[in-house]
Amino acid sequence: MIVTTTRHGRTRRDARYLLAHLSRRDVQRSRVVHVGAPVADERAALDYMQALRDGSRATVSFHHLSLSPGQPLTDEQRDEAVRRVLAAMGAEDHAHVIWEHAQKRRRGRDVDAHYHVVVSHIGPDGKALRDGRSYVRLEAVARALEADFGHEIIPGRRPAAVAAEL
């Protein structure tokens, strides 16, 4: 499983572009799987995340995480993967939205679906996520998920750092 993260939402235009990208349906099937925020839909969730940013000293609103499994995931495995990724980031109580993208051709892969999680950078307590060493923490979660789900272990670039994290 490949897990990546990118900071987003420095401006309202960034949020609109990200929402447009995640909701795109011309080359794939896109659907919102879960809205983990005190709002009704994904657009309101991104607005909520931006309001949290505006009420703090943060310069970004959210983190855009991509989860690309090497093998298909059940709904329960997807939920467990997202739960563990959020825990690794210290974002269990942060607002988030999960999108599923399917039917998109990917080089050399038989997997139909991959997932995008947009997580609020600012939590309900007004504190920002700690995102230092996020690459190592997320890669450690990915390797643990692969082992737990019985998937092929994908070698990473920093095995010593990941082993220390695990």
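Before reading on, note that the structure itself is shown above.
Numbers given to residues run from 1 along each chain, matching the order in which its sequence is written. This being a predicted model, a pLDDT of at least 70 is required before a residue's local features are given, and a value of 80 or more before pairs of side-chain atoms are given or counted; all residues contribute to the totals for chains, interfaces and linings. The side-chain numbers reported here are obtained from all heavy atoms of the structure, hydrogens and water having been left aside.

**Q** I would appreciate a short explanation of the nonpolar core in the present structure.
**A** Note on soluble globular proteins: their nonpolar side chains tend to be buried together. In this structure, Met 1, Val 3, Leu 65, Leu 67 and Val 85 are the most contacted members of the largest nonpolar core, which totals 24 residues. In this text, helices come from DSSP runs of H or I with a minimum length of four residues, and strands from runs of E with a minimum of two, each type numbered from the N-terminal end. Elements supplying a minimum of two residues to this core: strand S3 (62–68), helix H3 (75–89), strand S4 (96–102), strand S5 (113–120) and helix H4 (134–149). Note on contacts: a residue pair qualifies if any of its non-hydrogen atoms lie within 4.5 Å across the two residues. Not counting chain neighbours up to four residues away, the residues in contact with Leu 65 comprise Val 3, Thr 4, Thr 5, Val 85, Met 89, Tyr 115, His 116, Val 117, Val 119 and Leu 138. Nonpolar cores are built from buried Ala, Val, Leu, Ile, Met, Phe, Trp, Tyr and Cys residues. Side-chain atoms within 4.5 Å join them into one set. The rule is simple: take the accessible area with a 1.4 Å probe, protein chains only, and divide by the maximum for that residue type; under 20% is buried, over 50% is exposed, in between is partly exposed. Counting 13 residues, the second largest nonpolar core, distinct from the first, contains Leu 19, Ala 45, Ala 95 and Trp 99.

**Q** Honestly, the pairing of S5 in this entry has me stumped. Any pointers?
**A** Note on strand geometry: in a regular strand, side chains alternate between the two faces of the sheet. Most of S5 sits inside the fold, with eight of its eight residues counted as buried. A strand pair is defined by DSSP finding two or more bridges across the two strands. Here S3 runs beside S5; their pairing, made up of six bridges, is antiparallel. The residue of S5 that forms the bridge with Ser 66 is His 116. Strand direction decides the pairing type here: S4 and S5, joined by seven bridges, are antiparallel. Across the sheet, Trp 99 pairs through a bridge with His 116, a residue of S5.

**Q** Help me understand the layout of surface pockets, please; the structure alone is not making it clear to me.
**A** Leftover empty space is mapped by rolling, across the atoms, a probe with the size of a water molecule. Put simply, the grid is 1 Å and covers the protein atoms alone, a cavity is a trapped set of points that fit a 1.4 Å probe, a pocket is an open set with protein on both sides within 12 Å along at least five of seven lines, and lining residues have an atom within 4 Å of a point. Grid points are joined across faces, edges and corners, and a volume is the space filled by probe spheres set on the points. Space inside the largest pocket adds up to approximately 220 Å³. Around the largest pocket, the lining is made up of twelve residues, and of these Ile 2, Val 3, Tyr 135, Glu 139 and Arg 143 lie nearest the centre. Contributions of two or more residues to the lining of the largest pocket are made by strand S1 (2–8) and H4. Among the elements that make up the lining of the largest pocket, the one with the highest residue count is H4 (four residues).

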